[in-house]
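Per-entry structural report
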Amino acid sequence: MANIIDGKALSQKIKDDLKVKVDAFEQKYNRKITLAVILVGENPASQVYVKNKIKATEYVGMKSLAFYLPENSTQQEVEDAVRSLAADDAVDGILVQLPLPKHLNENAVLDIIPAEKDVDGFLAENVGKLTLGLPTTIACTPFGVTKMLESTGLNFSGKNAVVIGRSNIVGKPMALLLLQMNCTVTVCHSKTTNLKEICKQADVVVAAIGRPKFVTADMVKEGAVVIDVGINRTENGLVGDVDFDAVKDIASYITPVPGGVGPMTIAMLLENTYLCAERKINV
Ligand code: NAD
């Protein structure tokens, strides 16, 4: 039976450590670190995410600014909201909750966020810096996965890592981070032909596909570390991309869903907000 990497406990520790750092920042600079969140429309999942992010922001002692724009907001209205936060010196981080309603141009909205307030790490400038190995804001979910890997105390240098999924927000940055950890990285995706064989070679598997229980026991090497990024809403509740019950008997470490990568993502959002505030002081 694999060791369970407890994302809930690890994220709690990160948040409690942050609480101390956020308080010290406030004492030193006489202002609260501030994260602004913009939600457009009434997507129920987004509403839950935003609520949880606000709660966590306040938990660590940061100030949370929330802007709820109606579903039928125009491109101009959404851009204006982001622009005013971009210009506001008191705001350290800006998060536009995605997806935006279909009629809006997401990229045009995100492009208004200054790179130094991009707490999601989605902007081209920050992704470019990550690619070059320069200090930058790292996308929260893959950043959280690296913390989970580090928590095992294992040395990943020279290990085979397989990332399943090549999205801009998870798969691609994840591959870059594993490369920085000196793994030999393979990225699999919907057009990969021999996925099972490739996956079976992996010492580390990161599944970010969005298909319930996609990674089955016969795809996993004995003793592999398996990280499940997937969040799939099924009639049996939240299910990951990994067949947890079967894979846990083969893996050495595994993350559960829920209580794995999900809580880490929020903790890393706060960490990123703190880092953005710190960098602003240091420029
Ligand atoms: P996405 O839909 O943008 O990307 C999915 C990727 O999976 C694609 O690159 C695609 O090529 C690959 N894929 C699809 N079918 C495949 C197949 N049959 N074989 C191999 N690869 C296949 O999704 P995403 O935004 O990267 O998210 C992936 C999953 O992670 C989703 O379940 C999402 O809900 C979850 N997620 C969780 C968190 C978190 O905080 N835990 C954060 C972001 C995303």
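This text goes with the structure placed above it.
Predicted, not measured: the structure shown is a model, and the values here were computed from it. (Residues numbered from 1 in each chain as written. Predicted model: local features only at pLDDT ≥ 70, side-chain atom pairs only at ≥ 80, totals over all residues. Heavy atoms only, no water.)

1. Observations regarding helix H2 (residues 44-59)
- In a regular helix each residue adds 1.5 Å, so 16 residues correspond to 22 Å; H2 covers 23 Å between its end C-alpha atoms and thus fits that length.
- Those residues of H2 that fall on the buried side of the exposure criterion are Ser46, Val50, Lys53, Ile54, Ala56 and Thr57. Seen end-on, H2 carries its buried residues on one side only, within an arc spanning 165°. The exposed set on the far side of H2, more than 90 degrees from its buried face, consists of Pro44, Lys51 and Lys55.
- The backbone nitrogen of Ala45 lies 2.9 Å from a side-chain oxygen of the residue at the head of H2, namely Asn43. (Helix = DSSP H or I, 4+ residues; strand = E, 2+ residues; numbered from the N terminus. Expected span 1.5 Å × (residues − 1). Buried < 20%, exposed > 50% of the residue type's maximum accessible area, 1.4 Å probe, protein only. Arc of directions from axis to C-beta. Polar contact = N/O pair within 3.5 Å; in protein donor to acceptor, adjacent residues only side chain to side chain.)

2. With respect to the side chain of Thr57
- With respect to the helices, strands and loops of the structure, Thr57 is situated in helix H2.
- When neighbours within four sequence positions are excluded, Thr57 is seen to be in contact with Leu35, Met62, Lys63, Ser64 and Leu270. (Contact = heavy atoms within 4.5 Å.)

3. Some thoughts on the packing of H2 against helix H10 (residues 261-282)
- With their axes 10 Å apart at the nearest point, H2 and H10 run at an angle of 55° to one another. Put simply, H2 runs oblique to H10. Helix-helix and strand crossings are classified by hand; for H2 and H10 the assignment is right-handed. Across the interface between the two elements, Asn52, Lys53, Ala56 and Thr57 from H2 touch Ile266, Leu269 and Leu270 from H10.
- Looking at the contact of H2 with H10, its residues break down into 4 nonpolar, 2 polar and 1 charged. (Axes fitted to C-alpha atoms, helices over the stretch in contact; angles between N-to-C directions. Parallel < 35°, antiparallel > 145°, perpendicular 65-115°, else oblique. Left-handed = near helix turned anticlockwise from the far one by under 90°. Nonpolar A, V, L, I, M, F, W, Y, C, P; charged D, E, K, R; others polar.)

4. A short note on the environment of Glu278
- The residue Glu278 is located in helix H10 in this model.
- The exposure class of Glu278 is partly exposed, given its relative accessible area of 29%.
- Taking C-alpha positions, Glu278 is 21 Å from Gly128, a pair spaced 150 residues apart along the chain.

5. Things to note about the site of the ligand
- Lining the immediate environment of the ligand, one finds 22 residues, of which Arg166, Ser167, Val229, Ile231 and Thr265 sit closest.
- For the ligand, an oxygen atom lies 2.5 Å from a polar atom in the side chain of Ser167.
- For the ligand, whose free accessible area comes to 850 Å², the fraction covered by protein is 73%. (Near = heavy atom within 4 Å. Areas by Shrake-Rupley, 256 points an atom, 1.4 Å probe, with all protein chains shown as cover.)

6. Let's talk about the sheet that holds strand E2 (residues 34-40)
- Strand order in the open sheet formed by 3 strands is E3-E2-E4, with parallel pairing between adjacent strands. Either end of the sheet is taken by a strand with one partner, and the two such strands are strand E3 (63-69) and strand E4 (93-96). Strand after strand, the sheet turns through a mean of 15° between neighbouring axes, direction not considered.
- One ladder, built from 7 bridges, connects E2 with E3; its direction is parallel. Pairing of Ile38 across the sheet is with Phe67, part of E3. (Pairing = 2+ DSSP bridges.)

Taken by themselves, the reported measurements are silent on function.
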